[in-house]
Amino acid sequence: MLTEKYGKLASILQEMESVVVAFSGGVDSTFLLKAAVDTLGTDHVLAVTADSETYPSSELEEAKQLAEIIGVKHEVIHTSELAIPGYAENNKNRCYFCKSSLFDHLIPVMEAKGFNNVIYGVIADDMNEYRPGMQAAKEKGIRGPLQEANLFKEEIRELSRQLNLPTWDKPSFACLSSRIAYGEYITREKLTKVEKAERYLKSLQIRQVRVRTHQEIARIEVEPNDMKKVLEHHDSIVKELQEYGYKYITLDLIGYQSGSMNKVLS
């Protein structure tokens with residue numbers, strides 16, 4: 001089954017001939033980039049990473065390292081989601097504005113460099129989740145080969161492991177804005193606060209973490225087996241996060257859930 005799906009992915013990429021990959025350094029975009037290079041060759045693939053307020057500096061450095069490991073040309077462009085009209089207001093269409101702006105930056109790169117397509121790492125799992133960014137991709141003719149090949153996250157992890165990609169077991173990541181409750185205005189200060197809080201929790205060897213922000217409340221999501229670790233470091237976590245500006249620090253007993261902020265959407 002996996003061999004057949006990878007073959008389908010390769011066929012999709014071959015038909016495209018040359019691609020600019022929207023590359024975040026996450027599990028999906030790294031696998032997509034590797035598959036594109038292996039299928040089309042380095043001369044026909046360009047990785048582009050958008051550096052912005054919502055993208056942690058640690059992720060940018062990792063993306064640079066991954067591109068070097070894969071052996072592909074890599075460009076970093078600078079964008080600002082907070083400058084996009086409608087984005088900072090943080091309504092349920094926030095991701096639409098973000099992806100629309102990202103693709104507006106990538107399409108000129110594609111045209112200037114003489115590539116045929118812009119592709120991004122949407123996957124089969126995303127078809128059953130609230131992903132307004134997919135509408136922006138559809139409107140602008142941006143394709144998602146992983147989704148077209150019907151590849152799911154766990155399959156992508158397994159194929160990444162077979163390809164010796166270091167991201168095969170990397171925790172899932174989403175932009176920092178996804179930590180801030182819908183309707184709460186997004187600012188650079190809040191994004192920085194989230195980034196610092198999550199960096200600190202990861203320094204305690206907590207693998208998967210989200211610091212969901214509800215005004216002055218930090219709602220910490222970790223996997224159930226890491227909850228004990230959070231409680232063991234209770235005093236230091238409270239002290240650290242209060243220094244960042246949170247007044248109330250809570251542990252969500254449900255545990256880490258991708259897209260948990262979307263629960264409030266009908």
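Cut-offs and rules
- Residues numbered from 1 in each chain as written.
- Predicted model: local features only at pLDDT ≥ 70, side-chain atom pairs only at ≥ 80, totals over all residues.
- Heavy atoms only, no water.
- Disulfide = S-S within 2.5 Å.
- Buried < 20%, exposed > 50% of the residue type's maximum accessible area, 1.4 Å probe, protein only.
- Helix = DSSP H or I, 4+ residues; strand = E, 2+ residues; numbered from the N terminus.
- Right-handed = clockwise from strand over helix to strand, strands pointing away.
- Expected span 1.5 Å × (residues − 1).
- Core = buried A, V, L, I, M, F, W, Y, C linked by side-chain atoms within 4.5 Å.
- Contact = heavy atoms within 4.5 Å.
- UniProt positions renumbered as here; feature names shortened; annotations may be inferred.
- 1 Å grid on protein atoms, 1.4 Å probe; cavity = no way out; pocket = protein on both sides within 12 Å on 5 of 7 lines; lining within 4 Å.
- Points joined across faces, edges and corners; volume = space filled by probe spheres on them.
- Nonpolar A, V, L, I, M, F, W, Y, C, P; charged D, E, K, R; others polar.
- Domains from an automatic or database assignment.
- Phe/Tyr/Trp six-rings, centres within 6.5 Å; stacked < 30°, edge-to-face > 60°.

### With respect to the state of the cysteines
Applying the stated criterion to the full structure yields 0 disulfides. Here Cys95 stays unpaired: no disulfide links it, and the sulfur of Cys175, its closest cysteine neighbor, is 5.9 Å away. Cys175 supplies the cysteine sulfur nearest to Cys98, a cysteine that is in no disulfide, at a spacing of 5.7 Å. We classify Cys98 as buried; its relative accessible area is 15%.

### Remarks on the pairing of strand β2 (residues 45-51)
For β2, the buried fraction is high: 6 of the 7 residues fall into the buried class. For the segment spanning strand β1 (residues 19-22), helix α2 (residues 27-40) and β2, crossover handedness is right-handed. You can see the chain leave β2, run along helix α3 (residues 57-70) and come back into strand β3 (residues 73-78), and the turn it takes is right-handed.

### Thoughts on α2
Turn by turn, an α-helix covers 3.6 residues, leaving residues three or four places apart pointing in a common direction. Under the 1.5 Å per step criterion, the end-to-end length of α2 is 20 Å for 14 residues, consistent within 8% with the ideal 20 Å. A large share of α2 lies buried, amounting to 12 of its 14 residues. For α2, the full list of buried residues reads Val27, Asp28, Ser29, Thr30, Phe31, Leu32, Leu33, Lys34, Ala35, Ala36, Val37 and Leu40. Where α2 ends, the next residue or the one after it, Gly41, has phi of about 90°, a positive value.

### Section: the nonpolar core
In this structure, Leu9 and Val45 are the most contacted members of the largest nonpolar core, which totals 32 residues. Per-element accounting of this core gives the leading share, 8 residues, to α2. In this structure, Val45 is in contact with Val19, Val21, Leu33, Ala36, Val37, Leu40, Val72, Lys73 and Phe115, ignoring residues within four places of it in sequence. Judged by nonpolar contacts, the second largest core, of 23 residues, contains Ile84, Leu204, Val222 and Ile237.

### Regarding the UniProt feature "active site" (unreviewed entry) in the chain
The residues that UniProt annotates with the feature "active site" (unreviewed entry) are Cys175. Mapped onto the fold, Cys175 is located in the loop between α7 (153-162) and α8 (188-203). Overall, the relative accessible area of 23% leaves Cys175 in the partly exposed class. Cys175 has contacts with Thr54 and Tyr87, leaving out every residue within four places of it along the chain.

### A word on the layout of surface pockets
Reported here for the second largest pocket is a volume of approximately 270 Å³. Lining the second largest pocket are 16 residues, and of these Pro56, Ser58, Glu59, Phe173 and Lys202 sit closest to its centre. If you list the elements that add at least two residues to the lining of the second largest pocket, you get α3 and α8. Here the lining of the second largest pocket takes 4 residues from α8, the largest share from any one element. Per-class residue counts for the lining of the second largest pocket are 4 nonpolar, 3 polar and 9 charged. Each of domain 1 (2-163) and domain 2 (176-264) accounts for three or more of the residues forming the lining of the second largest pocket.

### Quick look at the packing of aromatic side chains
Two aromatic rings, taken as a pair, are described by how far apart their centres are and by the angle between their planes. Going through the model one piece at a time under the given rule, you end up with 3 aromatic pairs. Ring geometry for Phe103 versus Tyr120: centroids 5.4 Å apart, planes at 75°, classification edge-to-face. Here Phe103 is found in helix α4 (residues 94-113), whereas its partner Tyr120 is found in the loop between β4 (117-119) and α5 (133-140), with 17 residues between them in sequence. Tyr120 gets classed as buried once you look at its relative accessible area, which sits at 9%.

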